[in-house]
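Chain by chain, the residues run as shown.
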Amino acid sequence: MSVEAACPESVEPDRPEPVLLTEPADGVPPVVETPEALETAAAALAAGSGPVAVDTERASGYRYSQRAYLVQLRREGAGTVLVDPVALNGALEPLKAALADTEWVLHAASQDLPCLSELDLHPQRLFDTELAGRLAGFDRVSLGTLVERMLGYRLEKGHSAADWSRRPLPADWLVYAALDVELLIDLRAAMHDELTRQGKLEWAWEEFEAVRTAEPPRPRAEPWRRTSGIHRIRNARQLAAVRSLWTVRDRIAAERDIAPGRILPDSAVVQAAQSGPGTEAELTALPVFGGRQQRRRASTWLGALRAARELPQDELPVVSPPQDGPPSPNRWADRDPAAAARLSAAKSAMSAIAEEHGLPVENLLLPDLLRRLCWTPPEDLGVESVANRLRERGAREWQIGLTATPLSTALQAEPGK
């Protein structure tokens, strides 16, 4: 592979100042909110040609659910379509039929596919422009950055963090939503050419297919342990208080479809667990709990704290739960020097391959997969055995082709050598 192909960032030519794009070329279409309008829009999309650009807007940080509150689509010959799935009660069958045999183009597809799946919308073929940018070796792969780099346009800063459950949607939000798909097909074409030039197109198709067919992540066994600031909790009784408050908060959030942090911030959960208030006066003396909304829920939070205090000792959560997988690598040298030597050699090999091919090392092979392989390698350290282990753990064939042989060598590294 040439230096230019391996290091695309280093040879980027000077470009003229990007053109600021503030409005879609054809204007902002009316939002599709009725079955009749959906039938018309679906017919237009079905009659279009080429791949279809797809994006969604959610209300993360505002709502408990991750549902789509707006679906944006664009296809050659059909223009842009903005669909309100809430107004349509999620009944998007005409859209599903119109898109059945098309290639979908998304940016960071793994963020949008779950909420599209909730609407029973599933691509049969996928092109992910963000993932394409990573495979091309670009340092920055946001939609705005790639559009500027590859197409010479600059998008208006948008409203991705807005509350998209709001109705009616403001006009400037709809402009932003339409612009998100305005150039996505053009960007797909540019990234397709770039990946072809670098000899990575087949790798990309494997990656896109892996994203398309990925199983939903398994629910976490103890999601409450991800409470921000929980590292400050030092004993099991306080951990039980965090768990109890988190569980009650989560139930309220789900019932009201409000983001849990808007019911009660994590910082307040941790502080209450540490302070252990037993009365309403003690609770409302704490920051956050003195607010009007929290005063109304004081008995609820006190009930959660009381339940944690009254738990039998054998029902308290463990302070350090067993890990799913290897320990932190900084402890390997003490616990298993041979594994530490394997990991060091494997990381060096992966870094060299990633640099040679102009790839982020995490896209060459997932760090967790590499750690697991080095901690518990197969008995047979031959190339084929290593390749099979990688395949079992979800590595793609292009990744296996690049890494199996050097990993076979790295797994035979010995401490101190």
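Our subject is the structure listed above.
To start, this report covers the structure provided alongside it. Because the structure is a prediction, the values reported are computed rather than measured. (Residues numbered from 1 in each chain as written. Predicted model: local features only at pLDDT ≥ 70, side-chain atom pairs only at ≥ 80, totals over all residues. Heavy atoms only, no water.)

**Considerations on the nonpolar core**
In a soluble, globular protein the nonpolar side chains are often hidden away together inside. The biggest cluster of nonpolar side chains holds 54 residues, and the ones touching the most others in it are Leu390 and Leu407. For this core, the element with the most residues is helix 17 (residues 337–357), which contributes 8 residues. Other than its neighbours up to four places away in sequence, Leu390 contacts Leu365, Leu369, Leu373, Ala395, Ile400, Thr403, Ala404 and Leu407. Val248, Ala253, Ala308 and Leu316 belong to the second largest nonpolar core, which has 31 residues in total. (Core = buried A, V, L, I, M, F, W, Y, C linked by side-chain atoms within 4.5 Å. Buried < 20%, exposed > 50% of the residue type's maximum accessible area, 1.4 Å probe, protein only. Helix = DSSP H or I, 4+ residues; strand = E, 2+ residues; numbered from the N terminus. Contact = heavy atoms within 4.5 Å.)

**What about helix 2 (residues 35–47)?**
Here helix 2 is 13 residues long and its end C-alpha atoms lie 18 Å apart, about the 18 Å a rise of 1.5 Å per residue gives. Against strand 2 (49–57), strand 3 (70–76), strand 4 (79–83) and helix 3 (93–98) lie the buried residues of helix 2. (Expected span 1.5 Å × (residues − 1).)

**Focus: the environment of Gln271**
For Gln271, the location among the structural elements is in helix 12 (residues 266–275). Classification of Gln271 as partly exposed rests on a relative accessible area of 28%. Distance from Gln271 to Val54, taken between C-alpha atoms, is 42 Å for residues 217 residues apart in sequence. Gln271 has contacts with Leu286 and Pro287, leaving out every residue within four places of it along the chain.

**Concerning the packing of aromatic side chains**
Enumeration over the complete set of coordinates arrives at 7 aromatic pairs. For the pair Phe127 and Trp205, a centre-to-centre distance of 5.7 Å together with 80° between the ring planes defines the contact as edge-to-face. In this pair, Phe127 sits in strand 6 (residues 125–128) while Trp205 sits in helix 9 (residues 201–212), placing the two residues 78 residues apart along the sequence. Ring-pair connections join several aromatic residues into one group, and the members of that group are Phe127, Trp205 and Phe208. One residue, Arg149, lies across the ring of Phe138, its end atom 3.8 Å from the ring centre. Here the guanidinium or amino end of Arg166 rests over the ring plane of Trp173, the centre of that ring lying 5.2 Å away. (Phe/Tyr/Trp six-rings, centres within 6.5 Å; stacked < 30°, edge-to-face > 60°. Lys NZ or Arg CZ within 6 Å of the ring centre and 35° of its normal.)

**Examining the environment of Val211**
Summarising the element assignment, Val211 is placed in helix 9. As a C-alpha pair, Val211 and Leu151 span 60 residues in sequence and 25 Å in three-dimensional space. Look past the residues within four positions of Val211 in its chain and what remains in contact with it is Ala109, Ser110, Leu113, Leu126 and Leu131.

**Considering the sheet that holds strand 4**
Strand order across the open sheet formed by 5 strands is 4-3-2-5-6, with mixed pairing between neighbours. Where the open sheet ends on each side, the last strands, each with one partner, are strand 4 and strand 6. Here the strands of the sheet are splayed against their neighbours by 25° on average, with no regard to which way each runs. The pairing of strand 3 with strand 4 spans 5 bridges and is classified as antiparallel. Bridged to Leu73 within strand 4 is Val81. (Pairing = 2+ DSSP bridges. Axes fitted to C-alpha atoms, helices over the stretch in contact; angles between N-to-C directions.)

**Examining unusual backbone geometry**
The linkage connecting Arg167 with the following residue, Pro168, adopts the cis geometry, with an omega of -5°. Phi angles above zero are rare outside glycine, and Asn89 is one such case at about 55°. Residue placement: Asn89 occurs in the loop between strand 4 and helix 3. For Asn89, a relative accessible area of 72% puts it in the exposed group. Notably, Val288 is not glycine yet its phi reads approximately 80°, a positive angle. Summarising the element assignment, Val288 is placed in the loop between helix 13 (280–284) and helix 14 (292–296).

**Quick word on helix 7 (residues 171–182)**
With 12 residues, helix 7 should reach 16 Å at 1.5 Å per residue; the first-to-last C-alpha distance of 16 Å fits that figure. In terms of burial, helix 7 is largely enclosed, as 10 of its 12 residues are buried. All of the buried residues in helix 7 are Trp173, Leu174, Val175, Tyr176, Ala177, Ala178, Leu179, Asp180, Val181 and Glu182.

**Focus on the side chain of Ser165**
If you trace the backbone, Ser165 turns up in the loop between strand 7 (153–155) and helix 7. Side chain to side chain, Ser165 and Arg63 meet in a polar contact 3.0 Å long. In terms of polar contacts, Ser165 uses its side chain to reach the side chain of Asp163, at 2.5 Å. Apart from the residues lying within four places of it in its own chain, the contact partners of Ser165 are Ala59, Arg63 and Tyr69. (Polar contact = N/O pair within 3.5 Å; in protein donor to acceptor, adjacent residues only side chain to side chain.)

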